[in-house]
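# Commentary on secondary and tertiary structure
Take a look at the letters that make up each chain.
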Amino acid sequence: MLGRLSADVREQLLAEAFERVLPAHSFPYNASDPPSLAVIVSGLLRTYIVSGDGREITIRYGRPGDVLGMSGVVVGPVRRNVQVLVEARVLFLNPKTLRSLAHKDVSVAWLMVEELAALLEDLWEEVGGAVFGTVPQRVASHILDLATAEPGRDGLVAVVTQQELANAVGSVREVVQRSIRQFREEGLLEVTPLGIRIKEPEKLSERARSRKPRDAPGPRSTT
């Protein structure tokens, strides 16, 4: 986002910015906190919501270059929570300054629109997966989303517990365990001390692919 701003606007934002290192498994933002705006420099975070009975569901993963909190700049406090999955460096910006700049500069306002539109597309995809996808499909998709290269080996590992996966897909641990066991029996992955190592990425992707609503047949929308 910062690279798409003019030098003058970027300098104004960075003049008030500060950087923090967020440890893994920490919770830097809760639904009751005031709005914040941040750019992820490194690491992996997830944004999630919590139901009235305490169940969680992930609505977005944040990776380097992603912006967190843009909707809060526009509408104020939002009902979301953020968890750090992999230690992260995050650059915090002043949301009031960005909002003020957007009122004066149409290019800044348009950039905010683009960021919010991209966020909306991500949310529609997650909603489609949660509504139409089976639990195994959603589990496979989240494992792939979280996978990173395994140091010193030729493979991908998702550093996540089965309880964290259950939270991510909005299910319970026992149901997720059955999905993991099924994928292990099919030779698609294995559980290691480092996390879940993917042995057959393409085949696991095939298991997750049908969760996306764009793949499902149906009438063509005119909206």
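Everything quoted here is computed from the prediction, not taken from an experiment.

### Notes on the overall build of the protein
Counting its regular elements, the protein contains eight helices and nine strands. Buried positions account for 41% of the 223 residues belonging to the protein. Pairs at least 24 apart in sequence give 69% of the contacts found in the protein among residues at least 6 apart. With the model as given, the accessible surface of the protein reaches about 12400 Å², and the carbon-plus-sulfur share is 54%.

### A few points about the packing of helix 5 (residues 135–146) against helix 6 (residues 162–169)
Their axes nearest at 10 Å, the elements helix 5 and helix 6 cross at an angle of 110°. Relative to helix 6, the element helix 5 is oriented roughly perpendicular. The two elements helix 5 and helix 6 meet at a crossing, and its hand is right-handed. Residues Arg-138, Val-139, His-142 and Ile-143 of helix 5 lie in contact with helix 6, whose contacting residues are Leu-165, Ala-168 and Val-169.

### What to know about the nonpolar core
Counting residues in hydrophobic clusters, the biggest one holds 24 residues, and the most contacted among them are Val-139, Ile-143, Leu-165, Ile-180 and Leu-204. Going through the elements one at a time, helix 5, helix 6, helix 7 (173–185), strand 9 (195–198) and helix 8 (201–209) are the ones with two or more residues in this core. For this core, the element with the most residues is helix 5, which contributes five residues. Ignoring sequence-local partners within four residues, the contact set of Val-139 consists of Leu-165, Val-169, Val-176, Ser-179, Ile-180 and Phe-183.

### Some points on helix 6
Judged by how many residues are buried, helix 6 sits mostly within the fold: six of eight residues are covered. Every buried residue of helix 6 is listed here: Glu-164, Leu-165, Ala-166, Asn-167, Ala-168 and Val-169. Looking at the buried positions of helix 6, the neighbouring elements they touch are strand 2 (37–50), strand 3 (56–62), strand 5 (81–93), helix 5, helix 7 and strand 9. Where helix 6 ends, the next residue or the one after it, Gly-170, has phi of about 75°, a positive value.

### So, the pattern of salt bridges
Close approach of charged atoms lets side chains of opposite charge pair. Taken as a whole and assessed by the stated rule, the structure comprises five salt bridges. A salt bridge links Arg-4 to Glu-114; the shortest N-O distance between them is 3.0 Å. Taken together, the positions of Arg-4 in the segment before helix 1 (7–15) and Glu-114 in helix 4 (residues 106–132) put the pair 110 residues apart, joining distant regions of the chain. For Arg-4, a relative accessible area of 47% translates into the label partly exposed. Accessibility expressed as a relative area gives 36% for Glu-114, which makes it partly exposed. Residue Glu-19 is joined to Arg-89 by a salt bridge in which the shortest nitrogen-to-oxygen separation is 3.0 Å. Placement of Glu-19 in strand 1 (residues 18–22) and of Arg-89 in strand 5 is noted, with a sequence separation of 70 residues between them.

### Describing the packing of helix 5 against helix 7
Look at helix 5 against helix 7: their axes get within 9 Å of each other, and the N-to-C directions meet at 75°. Comparing their axes, helix 7 and helix 5 come out roughly perpendicular. Residues Val-135, Pro-136, Val-139, Ala-140 and Ile-143 of helix 5 form the contact with helix 7, whose own contacting residues are Val-175, Val-176, Ser-179, Ile-180, Gln-182 and Phe-183.

### Re the environment of Ser-205
Relative to the elements of secondary structure, Ser-205 occurs in helix 8. On the basis of relative accessible area, Ser-205 is assigned to the partly exposed category, the value being 25%. Here the alpha-carbon distance between Ser-205 and Gln-137, two residues 68 residues apart in the chain, equals 9.0 Å.

### Topic: the packing of aromatic side chains
If you walk through the whole model with that rule in mind, you get one aromatic pair. Between Phe-18 and Phe-92, the aromatic rings sit 5.3 Å apart at their centres with planes inclined by 15°, giving stacked as the arrangement. Remark: Phe-92 occurs in strand 5 and Phe-18 occurs in strand 1; sequence separation between them is 74 residues. Accessibility expressed as a relative area gives 46% for Phe-18, which makes it partly exposed. Of the residues examined, Phe-92 reaches a relative accessible area of 12% and is grouped as buried. Here Arg-46 stacks its cationic end above the ring of Tyr-48, 4.0 Å away from the centre of that ring. The residue whose ring lies beneath Arg-80 is Tyr-29, and the NZ or CZ to ring-centre distance is 4.2 Å.

Conventions adopted
Residues numbered from 1 in each chain as written. Predicted model: local features only at pLDDT ≥ 70, side-chain atom pairs only at ≥ 80, totals over all residues. Heavy atoms only, no water. Helix = DSSP H or I, 4+ residues; strand = E, 2+ residues; numbered from the N terminus. Buried < 20%, exposed > 50% of the residue type's maximum accessible area, 1.4 Å probe, protein only. Contact = heavy atoms within 4.5 Å. Areas by Shrake-Rupley, 256 points an atom, 1.4 Å probe, with all protein chains shown as cover. Axes fitted to C-alpha atoms, helices over the stretch in contact; angles between N-to-C directions. Parallel < 35°, antiparallel > 145°, perpendicular 65-115°, else oblique. Left-handed = near helix turned anticlockwise from the far one by under 90°. Core = buried A, V, L, I, M, F, W, Y, C linked by side-chain atoms within 4.5 Å. Salt bridge = Lys/Arg side-chain N within 4 Å of Asp/Glu carboxyl O. Phe/Tyr/Trp six-rings, centres within 6.5 Å; stacked < 30°, edge-to-face > 60°. Lys NZ or Arg CZ within 6 Å of the ring centre and 35° of its normal.

These figures come from the coordinates and say nothing about function on their own.
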